[in-house]
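Given next are the chains, with one letter for each unit.
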Amino acid sequence: MRIGVLGTGSMADALATHWVRAGHEVVIGGRDAQKAERLARRVGGGARPASLRAAAASGEVVLAALPFGAGAEVVRELRAALEGKALVDCSNPVGPGFRLLTEAGPSAAERLAAAAPGAHVVKAFNLCHEDVWRMRPPVFDGRPLSVPVCGDNDASLARVHALVRDAGCLPVSGGGLERAGLLEATAALFIALWVGEGADAQAIAPPLAYATGDPDHRAS
């Protein structure tokens, strides 16, 4: 698969590294050519540096590894190059005090979709710190990490599901793009629990067998 990466930060580094190891063709795009070149060298596996526009044009799938505040503006500039492509948003619109910056408005992913209406935006990879994505693979107590994925285009969802598996994780269908805001709100809550309270967010949900009140598992 041909993958364009918009951004040269930690998430671009971690995810692109998984994908080149899986044999994908990766182009790293950045406004700063030197940063793009350094990241491409670090990722290795034939990853190539490029401008943002060239990276957007090169991929069947394009990862928007961009801060929330910059994402829509960058994508709007590249909307022609993103036409018809899967555009993966891994951003979290979380501000001081672990506040969700989108509040009652459109999600970060929906803002990208509005900025590039011809692209097929998919929300994924936003629930974990970049250090988790650097794990090879992200497996905990023998169980691979599950990654919720939200989007509306079946072909784009299939590509992103494949990229989740290439990172050693299990894709989970999260519904349409209108549910991306729920993923972003979940990230805000989890970050507040992990960072603000030092709590184990994984411990707040019961096992699946108990989640719907299965009578075989109710306490007597």
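Each value, and the rule that gives it
- Here the residue numbers are simple positions, counted from 1 along each chain's written sequence.
- Restriction of local features to residues with pLDDT of at least 70 applies here, the model being predicted, together with a cutoff of 80 or more for giving and counting side-chain atom pairs; totals for whole chains, interfaces and linings are based on all residues.
- Side-chain calculation: all heavy atoms of the structure are included, whereas hydrogens and water are not.
- The helix count covers DSSP runs of H or I at least four residues long, the strand count covers runs of E at least two residues long, and both are numbered beginning at the N terminus.
- For a helix, the expected span equals 1.5 Å multiplied by the number of residues minus one.
- Buried means the residue's accessible area, taken with a 1.4 Å probe over protein chains only, is under 20% of the maximum for its type, while exposed means over 50%, and partly exposed covers the values in between.
- Think of the arc as the fan of directions from the helix axis to the C-beta atoms.
- The pairing criterion for strands is at least two bridges between them, as found by DSSP.
- Simply put, an axis is a line fit to the C-alpha atoms, just over the touching stretch for a helix, and the angle between two N-to-C directions goes from 0 to 180 degrees.
- Note on definitions: a residue-residue contact is assigned when non-hydrogen atoms from the two residues lie within 4.5 Å.
- Each angle receives one of four descriptions, namely roughly parallel if under 35 degrees, roughly antiparallel if over 145, roughly perpendicular if within 65 to 115, and oblique otherwise.
- Should the near helix be turned anticlockwise from the far one by less than a right angle, the crossing is termed left-handed; should it be turned clockwise, right-handed.
- Residue classes follow a fixed rule: Ala, Val, Leu, Ile, Met, Phe, Trp, Tyr, Cys and Pro count as nonpolar, while Asp, Glu, Lys and Arg count as charged, and any other residue, Gly among them, counts as polar.
- One side-chain nitrogen of Lys or Arg within 4 Å of one carboxyl oxygen of Asp or Glu is enough to make a salt bridge.

Caption draft 1: Local environment of helix 7 (residues 154–166). Given a rise of 1.5 Å per residue, 13 residues ought to cover 18 Å, and the 18 Å separating the end C-alpha atoms of helix 7 matches this to within 8%. Of all the residues in helix 7, the buried ones are S156, L157, V160, H161, L163 and V164. Relative to the axis of helix 7, the buried residues are bounded by an arc of 160 degrees and lie together on one face. Facing away from the buried surface of helix 7 by more than 90 degrees, the exposed residues are D154 and R165. Residue G168 follows helix 7 closely and has a positive phi angle near 85 degrees.

Caption draft 2: Seen up close, the sheet that holds strand 12 (residues 170–173). On the basis of which strands lie adjacent, the open sheet formed by eight strands has the order 3-2-1-4-5-8-11-12 and mixed pairing. The outermost strands of the open sheet, each flanked by one partner alone, are strand 3 (48–50) and strand 12. Strand after strand, the sheet turns through a mean of 30 degrees between neighbouring axes, direction not considered. Both strand 4 (residues 61–64) and strand 5 (residues 86–89) contribute to a ladder of four bridges, which runs parallel. Note that in strand 5 the partner of L63 across the bridge is V88. Sheet contacts for helix 7: strand 1 (2–6), strand 4, strand 5, strand 8 (120–123), strand 11 (146–151) and strand 12; angle to strand 11, the most-contacted strand, approximately 165 degrees.

Caption draft 3: The packing of helix 4 (residues 68–77) against helix 5 (residues 108–115), seen in detail. Put simply, helix 4 and helix 5 touch, their axes get as near as 8 Å, and they point 20 degrees apart. Regarding the angle of helix 4 to helix 5, the classification is roughly parallel. The interaxial crossing formed by helix 4 with helix 5 has right-handed handedness. Residues F68, G71, A72, V75 and R76 of helix 4 lie in contact with helix 5, whose contacting residues are A108, R111, L112 and A115. Residue composition of the contact of helix 4 with helix 5, by class: six nonpolar, one polar and two charged.

Caption draft 4: Representation of the environment of V61 within the structure. Locating V61 in the fold gives a position in strand 4. A sequence separation of 25 residues divides V61 from A86, and the C-alpha atoms of the two residues are 4.7 Å apart. Setting aside anything within four residues of it in sequence, one finds V61 in contact with M1, R2, I3, G4, A86, V88, R159 and L163.

Caption draft 5: Region of interest: the pattern of salt bridges. Summed over all chains, the structure comprises eleven salt bridges. A salt bridge links R159 to E60, with the shortest nitrogen-to-oxygen separation between them at 3.9 Å. Placement of R159 in helix 7 and of E60 in the loop between helix 3 (52–58) and strand 4 is noted, with a sequence separation of 99 residues between them. For the salt bridge of K123 with D89, the shortest nitrogen-to-oxygen distance reads 2.7 Å. One end of the pair, K123, is in strand 8; the other, D89, is in strand 5, with 34 residues separating them in the sequence. Note on D89: relative accessible area 2%, which makes it buried.

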